[in-house]
Amino acid sequence: MGVYTESFQVKTKGFCDAVDITEQVQKAVFNSGLNQGIALVFIAGSTAGLTTIEYESGAISDLKRTIEELVPQNREYQHNYRWGDGNGFSHIRSALIQTDLSLPFSGGKLLIGTWQQIVLLDFDNRSRNRKVIVQIIGE
Ligand code: ZN
C-alpha cells in the first residue's frame, strides 16, 4: 500500500466557469506509480466544486442553467450582508455540488466512462487561481 499526493493549479474565469481536469488527474495517477486504488480529488476553496459530466458545450450549458435555477445569483444572501464580497450564491453552490471526488483506478488508468470527464466548476464572482489536490491510495 502506498499514498501519493500531488497538486496542480487551474486558472478560471469564475461565474460557473467549467474546466476539464481529467488529463491532470490521470497524469497524477500515472505519476504515483501505483497500479490500482482510489484517487481522491479535492479542490481547496469554499466557492468551487468538482463533478463529472460529459464535457461538451451542450451538457455544460445545461448544467450552468440548472445551477442558476437552483441557486440564483440575484437572490438575497445573508453572507453578502455579513461579508460584503457579493458571492453568497457561490458558497451555496459549492456546498451543494461539493468539493471532492473519489475515483477508482486500475492498471494505472482511471475507471471513468468514455464520455465522463472530471470537471472543476468555479462559482466565485471573479477569476481565480485554484489549487486541486490529488491524493492517491493504492498498491
Ligand atoms: Zn464569500
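Model, not experiment: these values are computed from the prediction.

Draft legend 1. Local environment of the sheet that holds strand S5 (residues 100-106). The strand order across the open sheet formed by five strands is S1-S8-S3-S5-S6, and the pairing between neighbours is antiparallel. At either end of the open sheet lies a strand with only one pairing partner, and these are strand S1 (2-12) and strand S6 (109-110). In this sheet, S6 lies alongside S5 in antiparallel orientation, the contact comprising two bridges. Within the sheet, the bridge partner assigned to Phe-105 lies in S6 and is Leu-110.

Draft legend 2. Expanded view of unusual backbone geometry. Despite not being glycine, Cys-16 has its phi angle at roughly 70 degrees, a positive value. One can find Cys-16 in the loop between S1 and strand S2 (17-20). When its relative accessible area of 4% is taken as the criterion, Cys-16 is described as buried. Although it is not a glycine, Gln-98 adopts a positive phi angle of roughly 80 degrees. Inspection of the secondary structure puts Gln-98 in the loop between helix H4 (88-97) and S5. The exposure class assigned to Gln-98 is partly exposed, which follows from its relative accessible area of 46%.

Draft legend 3. Main features of the pairing of strand S8 (residues 128-138). Where S1 meets S8, 11 bridges bridge the pair, whose relative direction is antiparallel. Looking at S8, one finds that Gly-2 is bridged to Gly-138. The pairing of strand S3 (residues 37-43) with S8 spans seven bridges and is antiparallel. Each residue of the ladder has a partner; that of Ile-43, found in S8, is Val-132.

Criteria and thresholds
- Counting restarts for each chain, with residues numbered from 1 along the sequence as it is written.
- With pLDDT at 70 or above as the cut-off, local features in this predicted model cover only qualifying residues; side-chain atom pairs require 80 or more to be listed or tallied, and sums for whole chains, interfaces and linings still use all residues.
- As a rule here, side-chain values cover all heavy atoms of the structure and leave hydrogens and water aside.
- Here the rule is simple: two strands pair whenever DSSP picks up at least two bridges between them.
- Strands are runs of DSSP state E lasting at least two residues, helices are runs of H or I lasting at least four, and both sets are numbered from the N terminus onward.
- Exposed residues in this analysis have more than 50% of their type's maximum accessible area, buried residues have under 20%, and partly exposed residues fall in between, with area computed by a 1.4 Å probe over protein chains only.

These values are about where atoms sit, not about what they do.
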